[in-house]
Amino acid sequence: RAGAGLRADVLVLAGVLSDGAGGALPYIPQYQEIQRSGTSEGFSTRVCLVLLTANILRIFFWIGKQFEVTLLLQSVVMIIAMFAMLHLCCVVQNTDRMGTKQHRLSDLDIKYFWKWSAFEDYVLFCSGFAVLCAVVTSLLLDSSVFVEMLGFLSVAFEAMLGLPQLLQNFHNHTTKGMSVKMVLMWTAGDLFKTTYFLMNRSPAQFWLCGLVQIFIDVAILLQVLLYS
């Protein structure tokens, strides 16, 4: 029994270190790739949108139902990491597209949602979303149904982590500019995490979301083979 517990601890630790949702580590090679190439065309910034939404919701879920502080801190670190990614993407895009029309949040053009030219617009949008969540949470904090819904939405968004990248690769018909190391680390983290959920008989939504993430990770890796 002690051996089984140790294996489970090793699995969850490995998942935390390499998980695309739980740690910022997978985004280091992608950050370096964007710096090296001087373009962010191969990376879908909507990955940042998914992770920012999931982790903001997770923070408010913690307010309603306290879970491990480690997971809460991971959410804070992930939010900082995603803003760092968005800042770099804005810098290289503005350098690459000097003289072209700037797209701002204040334009209220749905066609350019999450394709803004200024980093401040991403911060403003996320701040507004966080304020909205704070107001609604303060009003419905006593509702266990609402609190559980926050947790479910956080997990659901997390499960869709790789989908924007999968769709962008399909649209571009190439994976050039996307860090394969990042996707491999997503896959490793999701495998460890889902195995941990299954071994510990966690609620079905946890391991089902894990399986969805693994499926999307594998699909992206198949795109790497297909488009190369």
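Residues numbered from 1 in each chain as written. Predicted model: local features only at pLDDT ≥ 70, side-chain atom pairs only at ≥ 80, totals over all residues. Heavy atoms only, no water.

As recorded in an unreviewed UniProt entry, the protein goes by the name Solute carrier family 66 member 2, listed as coming from Tetraodon nigroviridis.

Novice: Just give me the short version of the nonpolar core, but keep the residues and values in it.
Specialist: With 42 residues, the main nonpolar core has Y27, F43, L52, M82, W114 and W186 as its most contacted residues. Of all the secondary structure elements, the ones that give two or more residues to this core are α2 (27-37), α3 (46-64), α4 (69-96), α5 (119-140), α6 (144-159), α8 (180-199) and α9 (204-227). The dominant element in this core, judged by the number of residues it contributes, is α4, at eleven residues. (Core = buried A, V, L, I, M, F, W, Y, C linked by side-chain atoms within 4.5 Å. Buried < 20%, exposed > 50% of the residue type's maximum accessible area, 1.4 Å probe, protein only. Helix = DSSP H or I, 4+ residues; strand = E, 2+ residues; numbered from the N terminus.)

Novice: Go over the UniProt feature "transmembrane region" (unreviewed entry) in the protein with me, naming the residues and quoting the values.
Specialist: On the UniProt side, "transmembrane region" (unreviewed entry) is annotated at positions that read residues 43-63, 69-92, 122-141, 147-167 and 205-227 here. Helix makes up 100% of residues 69-92 and strand 0%, with an end-to-end C-alpha separation of 35 Å. (UniProt positions renumbered as here; feature names shortened; annotations may be inferred.)

Novice: Account for α6, with residues named and values stated.
Specialist: If you check α6, its first and last C-alpha atoms are 23 Å apart, about what 16 residues at 1.5 Å a residue would give, namely 22 Å. By the burial criterion, the buried members of α6 are F146, V147, L150, G151, S154, V155, E158 and A159. (Expected span 1.5 Å × (residues − 1).)

Novice: Break down the packing of α2 against α8 for me, citing the residues and quoting the values.
Specialist: If you want to describe how two helices pack, look at the angle between their axes and the distance between the axes. Two numbers describe how α2 lies on α8: the axes approach to 7 Å, and their chain directions differ by 170°. Taken together, α2 and α8 sit at an angle that is classed as roughly antiparallel. The segment α2 lies against α8, with Y27, P29 and Q30 engaging K181, M182, M185 and W186. Taken together, the residues of the contact of α2 with α8 sort by class into five nonpolar, one polar and one charged. (Axes fitted to C-alpha atoms, helices over the stretch in contact; angles between N-to-C directions. Parallel < 35°, antiparallel > 145°, perpendicular 65-115°, else oblique. Contact = heavy atoms within 4.5 Å. Nonpolar A, V, L, I, M, F, W, Y, C, P; charged D, E, K, R; others polar.)

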